[in-house]
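Take a look at the letters that make up each chain.
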Amino acid sequence: MNYDLHGKVVLITGAAGGIGSATARELYVHGANLVLTDTRQEAVDQLAQEFDAQRVLALELDVTDSAASRQVVHLAVERFGHLDVAFANAGISWKGTPATLRTCDEDEFRSIVEVDLFGVWHTVRAALPEVVRNRGQILVTSSTYAYLNGMANAPYALSKAAVESMTRSLRAELGSTGATASVLYPGWVNTAIAKVAFGGNAIATKMNEIGVPPFLNQPVGPEVIGRGVVRGLRKRQPRITAPFRWAPISVMRGIFNVFTDWHVAREPRLQRLLQQLEQEVVRNRPQG
Ligand SMILES: NC(=O)c1ccc[n+]([C@@H]2O[C@H](COP(=O)([O-])OP(=O)(O)OC[C@H]3O[C@@H](n4cnc5c(N)ncnc54)[C@H](O)[C@@H]3O)[C@@H](O)[C@H]2O)c1
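Residues numbered from 1 in each chain as written. Predicted model: local features only at pLDDT ≥ 70, side-chain atom pairs only at ≥ 80, totals over all residues. Heavy atoms only, no water.

Draft legend 1. Up close: the pairing of strand β3 (residues 56–60). Among the five residues in β3, four count as buried, and that is most of the element. Examined bridge by bridge, strand β2 (residues 33–38) and β3 share five bridges and lie parallel to one another. Paired with Asp-38 across the two strands is Glu-60, which belongs to β3. (Buried < 20%, exposed > 50% of the residue type's maximum accessible area, 1.4 Å probe, protein only. Helix = DSSP H or I, 4+ residues; strand = E, 2+ residues; numbered from the N terminus. Pairing = 2+ DSSP bridges.)

Written out as C-alpha cells, the structure reads:
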C-alpha cells in the first residue's frame, strides 16, 4: 500500500448511485474527505448526512456540462484546500427497452455517449490540474463491456471502451508527474443501471442468461466494488477488476473475444432474442 487515503479529498460523480455511494462509504472509513456529486441533489444531500459534515461536500452536477464540472472542482478546492482523487463514475444506459444499432433512437444513442464518454472526459479534464498538483489519482469507471461484445447495448459498450482507452493514454501521459490514472472494471453489480438485465426487461434478461456463463452472471453488491476501489487506489493500480472472478477473462480478452464474437453472431437463441428486441422497440416507438 503506497497511497494513504487519510485526509485526501475525493470527488465522486454519480455519487448517489449504487457504486458511487458504496465507494463513498468505504473511502470515508479510510479517512478520505468526500465531494459527492450527482444530478440528483436531494440524493447526495441524503448520502452526505451519513458522514461528519466537516468531511463532506454535496453538490449537484450534470457531468455533460463541462463548465459546471470545473466549477465543482473550484468549490471543492475552496472548501478543502485541495483535490487529490477524481472518480469519474456517473453513467447511464437505455432509458427503456434496450435497442440494437439498427433500431435505436439516434438522440438516445447520443445522450448515452454524452454522459458515458464526454461526461467522464469533462470530469477528468476539470480535475487534472489539481490531481497533478497533488500527485493524486484519476479513477474512471469503465465496465467489462469495454471488452465484452456490446450487442443490444452498443452506445454504452463503445463509451466504456473509449473511456478505458482514454485512461490508459492518460496514465502514460502522467508518467513523469507523480500523478496517475486507473480504470475500474465492475462486473455485474446489483444497482439501478443493471436492473434491465436482471428482470427489468424479459428479453434482455434472457439474453444475459444465455450469453453470460452462470459463474459470471451473479450480480454482486456495490460494496464489493467500493472495497475494490479503495484497495486499488491505495496500491495505485492501473486496473481495478471487481469482482475478481472477471480477472482471467480480462487478461485473456484477446483470445476470448475472437471466440465470443464468432459465437454470438451465430447462436440461434441469441439471434432470435435480438429480433424480438427489435420488434419490441419498433412496437413501443412513439407514433407520428
Ligand atoms: N451496475 C453494474 O452492473 C455496472 C457494471 C459495470 C459498470 N457500471 C458503471 O458503474 C457506474 C455507476 O453505476 P451504478 O451501477 O452505480 O448505477 P446507478 O444507476 O445506481 O448510478 C448511476 C448514477 O449516475 C448518475 N447520473 C446519471 N446521469 C448523470 C449525469 N449526466 N451527471 C451526473 N450524474 C449522473 C445517476 O443519477 C446515478 O446516481 C456507471 O458508470 C456504470 O456504467 C455499472
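Draft legend 2. Examining the sheet that holds strand β1 (residues 9–12) more closely. Sheet architecture is open: seven strands sit in the order β3-β2-β1-β4-β5-β6-β7, paired in parallel fashion. The open sheet has two edge strands, β3 and β7 (239–242), and neither has a second partner. When strand polarity is set aside, the average angle formed by the axes of neighbouring strands in this sheet is 15°. Across the sheet, helix α4 (residues 106–133) is in contact with β1, β4 (85–88) and β5 (137–141); its angle to β5 comes to roughly 170°. (Axes fitted to C-alpha atoms, helices over the stretch in contact; angles between N-to-C directions. Contact = heavy atoms within 4.5 Å.)

Draft legend 3. View of the site of the ligand. Close to the ligand lie 29 residues, the nearest being Asp-38, Asn-89, Tyr-156, Val-189 and Thr-191. Between Gly-17 and the ligand, the recorded distance is 3.0 Å, taken from a backbone N or O atom to an oxygen atom. Interatomic distance of 2.8 Å between a backbone N/O atom of Asn-89 and an oxygen atom of the ligand. Look at the ligand: alone it shows 830 Å² of surface, and the protein chains cover 92% of it. Of all elements in the fold, only α1 (18–29) and α5 (154–173) reach the threshold of two or more residues within the shell around the ligand. Classifying every residue of the shell around the ligand gives 14 nonpolar, eleven polar and four charged. (Near = heavy atom within 4 Å. Polar contact = N/O pair within 3.5 Å; in protein donor to acceptor, adjacent residues only side chain to side chain. Areas by Shrake-Rupley, 256 points an atom, 1.4 Å probe, with all protein chains shown as cover. Nonpolar A, V, L, I, M, F, W, Y, C, P; charged D, E, K, R; others polar.)

Draft legend 4. Representation of the packing of aromatic side chains. This structure, assessed with the given rule, holds six aromatic pairs. Ring geometry for Tyr-28 and Phe-51: centres 4.6 Å apart, planes at 35°, overall tilted. With a gap of 23 residues between them, Tyr-28 in helix α1 and Phe-51 in the loop between α2 (41–48) and β3 connect regions that are remote in the sequence. Ring centres 6.1 Å apart and planes at 55° place the aromatic pair Tyr-147 and Tyr-185 in the tilted group. (Phe/Tyr/Trp six-rings, centres within 6.5 Å; stacked < 30°, edge-to-face > 60°.)

Draft legend 5. Region of interest: the packing of helix α3 (residues 66–80) against α4. Between α3 and α4, whose axes approach to 8 Å, the crossing angle comes to 35°. In terms of crossing hand, the pair formed by α3 and α4 is right-handed. Where α3 abuts α4, its residues Ser-66, Ser-69, Arg-70, Val-73 and Val-77 lie against His-122, Ala-126, Ala-127 and Glu-130. Partitioning the contact of α3 with α4 into residue classes produces four nonpolar, three polar and two charged. (Left-handed = near helix turned anticlockwise from the far one by under 90°.)

Draft legend 6. Highlighting the pairing of β4. Judged by which residues are buried, β4 turns out to be covered on both faces: Val-85 and Phe-87 on one side and Ala-86 and Ala-88 on the other are all buried. In terms of strand pairing, β1 meets β4 through three bridges, oriented parallel. When the sheet's bridge partners are listed, Ile-12 is paired in β4 with Phe-87. Pairing geometry for β4 and β5, over four bridges, is parallel. Along β5, the bridge assignment pairs Val-85 with Gln-137. A crossover connection joins β4 to the parallel β5 through α4; in handedness this β-α-β unit is right-handed. (Right-handed = clockwise from strand over helix to strand, strands pointing away.)

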